[in-house]
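# Topology and contacts: notes
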Amino acid sequence: MSTAYLSHSYESVIIGRFLMGMFCALVLGSGPIYVSEILPPHLRAPIGSLFSVSIGLGIMLGNVLGFQQVLGTTTGWPILLSLNVVPSLIFLSYCWRMPKSPRSLYFDHNKPEEARKVLQRLYGTDDVSKQIEQYRIEAETMSKRKILSPKQVLTSRKVKWQLISGLVICVGFQFTGINGIFFYLNTLLTVAGIPEEIMDYVTIGFVSMEFLGAFAGLLSNKLGRKTMLLAGYSISMCSMIIYTLATAYQPSVDWLSYVSVVGGVGMIFGFAIGPGPITYVIIPELLDQSARPTVMMFSSLSLWVCFTIISVVTPYLFDYLKFAAFLPFAAILFLAILYVWFVVPETKGKSVLAIQMYFSKWNKIPVAQVLTEESNNGDNDVTNTGVLLNTRDRHAVTNPSFLNDGLTVQTRL
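These remarks concern the structure in this document. (Residues numbered from 1 in each chain as written. Predicted model: local features only at pLDDT ≥ 70, side-chain atom pairs only at ≥ 80, totals over all residues. Heavy atoms only, no water.)

Another point: the overall build of the chain. Counting secondary structure elements, the chain contains 23 helices and two strands. Residues classed as buried in the chain amount to 45% of the 413 residues present. Across the chain, the fraction of contacts at a sequence separation of at least 24, relative to all contacts at a separation of at least 6, is 72%. When the accessible area of the chain is evaluated, it comes to approximately 21200 Å², of which 67% is carbon and sulfur surface. (Helix = DSSP H or I, 4+ residues; strand = E, 2+ residues; numbered from the N terminus. Buried < 20%, exposed > 50% of the residue type's maximum accessible area, 1.4 Å probe, protein only. Contact = heavy atoms within 4.5 Å. Areas by Shrake-Rupley, 256 points an atom, 1.4 Å probe, with all protein chains shown as cover.)

Summed over all chains, the structure comprises three salt bridges. In this structure, Glu113 engages Arg116 in a salt bridge whose closest nitrogen and oxygen atoms are separated by 4.0 Å. Taken as a pair, Glu113 and Arg116 lie in helix α8 (residues 112-123) at a separation of three residues, close to a single helical turn. By relative accessible area, which is 25% here, Arg116 ends up partly exposed. (Salt bridge = Lys/Arg side-chain N within 4 Å of Asp/Glu carboxyl O.)

Here we come to the nonpolar core. In summary, soluble globular proteins display a tendency toward joint burial of nonpolar side chains. With 66 residues, the main nonpolar core has Ile169, Ile181, Leu188, Leu189, Phe206, Tyr233 and Phe326 as its most contacted residues. Of all the elements, helix α19 (residues 292-321) adds the most residues to this core, at eight residues. Membership of the second largest hydrophobic core comes to eight residues, among which are Val118, Leu119, Val128 and Tyr135. (Core = buried A, V, L, I, M, F, W, Y, C linked by side-chain atoms within 4.5 Å.)

Let us look at the environment of Cys238. Among the structural elements, Cys238 can be located in helix α16 (residues 225-249). The partly exposed category is assigned to Cys238, whose relative accessible area is 40%. Between the C-alpha atom of Cys238 and that of Ala330, which follows or precedes it by 92 residues, the distance is 7.8 Å.

Below, the discussion takes up the state of the cysteines. Following the criterion strictly, the structure yields zero disulfides and no others. Unpaired in this structure, Cys306 has its nearest cysteine sulfur neighbour in Cys170, at a distance of 8.2 Å. Owing to a relative accessible area of 9%, Cys306 belongs among the buried residues under this scheme. (Disulfide = S-S within 2.5 Å.)

What follows is about a nonpolar patch on the surface. A cluster of nonpolar residues, Leu301, Val305, Ile309, Val312, Val313, Tyr316, Tyr320 and Leu321, forms a patch on the protein surface that exposes about 780 Å² of accessible area. Looking at where Ile309 falls in the secondary structure, it is placed in helix α19. (Patch = residues over 30% accessible without salt bridge, like charges linked within 9 Å, V, L, I, M, F, W, Y side chains within 5 Å.)

Another aspect to go through is the packing of aromatic side chains. Under the defined criterion, the tally for this structure stands at 10 aromatic pairs. Arranged with centres 5.2 Å apart and planes meeting at 70 degrees, the rings of Trp304 and Phe307 form a pair that is edge-to-face. Residue Trp304 and its partner Phe307 are both found in helix α19; the two are separated by three residues, about one turn of the helix. The rings of Phe175, Tyr243, Phe318, Phe326 and Phe329 are connected pair by pair, giving a single aromatic cluster. (Phe/Tyr/Trp six-rings, centres within 6.5 Å; stacked < 30°, edge-to-face > 60°.)

Before going further, it helps to spend a moment on the environment of Val343. Summarising the element assignment, Val343 is placed in the loop between α20 (327-342) and α21 (352-363). Using a relative accessible area of 5% as the deciding quantity, one classes Val343 as buried. Remark: the alpha-carbon pair of Val343 and Tyr358, spanning 15 residues in sequence, is separated by 9.6 Å. Ignoring sequence-local partners within four residues, the contact set of Val343 consists of Trp161, Ser165, Tyr358, Phe359 and Trp362.

Rendered as structure tokens:
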């Protein structure tokens, strides 16, 4: 892209952006998967959340370097665009030292001993027999169960509400307004009455809120995925209302422009602690192995469709609704909050069996059928986080008399 200045060719920018888009698609798809496969279960949420933090760091650094005082000038922008080479070279110089995925070695290449050695290196202990045993059980399960096709997922009553839940969570992800804010931040600040001379610095305050994603990953292990998701949605929705009210009365009360900024920052804060780091953690945990890849495909598709809609619609909302541009977003978030509150279960520490039992009432499938299918497929020994079923869930499987409280499988007392 940086060659466009010397060659006077806008086509260079288009080609460069296309290649950059391909790179981002590959990294966003494979990066979180690789990180989750090399980490022990208890570190996946906190370390995995650093993925969104690194994106936030890149956005903030790009904004700083794009200041007119730095590289945001006629002669400086080619240098700014060429700086993409620096992190790429750093990664390429280090990637050869990165360990191979132990899951890939075990499942895709049938090299259990090599997988064991990698696990010993990653976990810092010679005793990785528990993890290898979990791989063995999961391999047996996968050999007995076929991955559902897109048509089967769309028509199967067994995963109906899991699919709907994944779609709703991804819609909520986008309607926190995160991309509408980042794409049209200058418009948002102008409507709020922020002076142009300080707008660049206010922008840095906005994008720096992405760093809170690191803390969200830690809190999700303590408070739970559902709790953090609801908290993020609620904070973003309330912040939209604050921004709307403050901006509406700002012409008569000058200091309300800064309250509008607080509302805008709150939208990013809500995203950073909730849907940002949690969305791609909670959705796979709602599913068993047969439906997980296909439902994730549909969920990601809904996320990018909403991304496109928001990118196109947001400027028109500012043109026609002015200060009320984010109220449609708040309305959709309110519906998402109601859905997650009443339908989506807490997945932290819950087994695949317990979660499928919970959804059986929504899918209107007899619990006995769920137990039979999971038992026949071998899933009653594997949890959604790769940990063997706890004693309580094992007892529920073997005891036909039980209660499902929506979170765990319990036996009748």
